[in-house]
Amino acid sequence: MPTVEVSLPQDVHAQFERLVDEEFVTEEEAVEELLSAGLDAYTRDVSGDDRGPTDVADEYADDMWDTAEDPAASGPDDDYL
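The notes below deal with the structure included here. Each chain carries its own residue numbering, running from 1 in the written order of its sequence. Under the rules for a predicted model, residues below a pLDDT of 70 receive no local features and side-chain atom pairs below 80 are neither given nor counted, while totals for whole chains, interfaces and linings still include all residues. Hydrogens are left out, water is left out, and the side-chain values use all remaining heavy atoms of the structure.

### Overview of the overall build of the protein chain
Thought 1: Helix and strand labels come from DSSP, where a helix needs a run of H or I of at least four residues and a strand needs a run of E of at least two; each type is numbered from the N terminus. Looking only at helices and strands, the protein chain features 3 helices and 0 strands.
Thought 2: Start at the N end of the protein chain and walk to the C end: the helices and strands fall as α-α-α.
Thought 3: For each residue, the accessible area found with a 1.4 Å probe, counting protein chains only, is set against the maximum for its type, and the residue is called buried under 20%, exposed over 50%, and partly exposed in between. A buried classification covers 5% of the 81 residues belonging to the protein chain.
Thought 4: Areas reported here follow the Shrake-Rupley algorithm with a probe of radius 1.4 Å; residue values treat only the protein chains shown as occluding. Carbon and sulfur atoms form 51% of the exposed surface of the protein chain, whose accessible area is close to 8000 Å².

### Notes on a negative patch on the surface
Thought 1: A patch consists of residues whose relative accessible area exceeds 30% and which take part in no salt bridge; residues with like charges are grouped when within 9 Å of each other, and nonpolar side chains (Val, Leu, Ile, Met, Phe, Trp, Tyr) when within 5 Å. For this document, the term salt bridge refers to a Lys or Arg side-chain nitrogen within 4 Å of an Asp or Glu carboxyl oxygen. Charge counting treats Lys and Arg as positive and Asp and Glu as negative, with His and both chain ends excluded. To locate a charge, take NZ of a lysine, CZ of an arginine, CG of an aspartate or CD of a glutamate. Where like charges cluster on the molecular surface, the negative patch consists of E17, D21, E22, E23, E27 and E28.
Thought 2: When contributions to the negative patch are tallied by element, the ones reaching two or more residues are helix 1 (10-23) and helix 2 (27-43).
Thought 3: When residues in the negative patch are grouped by element, the largest group, 4 residues, is from helix 1.
Thought 4: Looking at the element boundaries, E23 is found in helix 1.

### A look at the packing of helix 1 against helix 2
Thought 1: Under this scheme, a helix contributes an axis fitted over its contacting stretch, all axes are lines through C-alpha atoms, and angles between N-to-C directions fall in the 0 to 180 degree range. Where helix 1 meets helix 2, the axes come as close as 9 Å, and the angle between the chain directions of the two elements is 105 degrees. The angle between helix 1 and helix 2 falls in the class roughly perpendicular. For the pair helix 1 and helix 2, the contacting residues are F16, L19 and V20 in the first and E27, A30, V31 and L34 in the second.
Thought 2: Put simply, Ala, Val, Leu, Ile, Met, Phe, Trp, Tyr, Cys and Pro go in the nonpolar bin, Asp, Glu, Lys and Arg in the charged bin, and everything else, Gly too, in the polar bin. The residue inventory of the contact of helix 1 with helix 2, partitioned by class, reads 6 nonpolar, no polar and 1 charged. Roughly parallel means an angle under 35 degrees; roughly antiparallel, over 145; roughly perpendicular, 65 to 115; everything else is oblique. Contact definition: two residues touch when any of their heavy atoms are within 4.5 Å.

Next up, the structure:
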């Protein structure tokens, strides 16, 4: 297996060490999984995705109701007339 040496800023190295302690068995496992995930994300082909960027409002539009309408459809409240 090839060997790679990298220099990291102190804060990134501290985050990496915390992640290794919490999520992985060894540093080697952490490096392999994190690099693989990063490479997959970086090289993912989104050009074939015809959905385009998703707008949060469009994504959840069916789950929302118009705030100008009465959600209970009970009519006006007599207390406020």
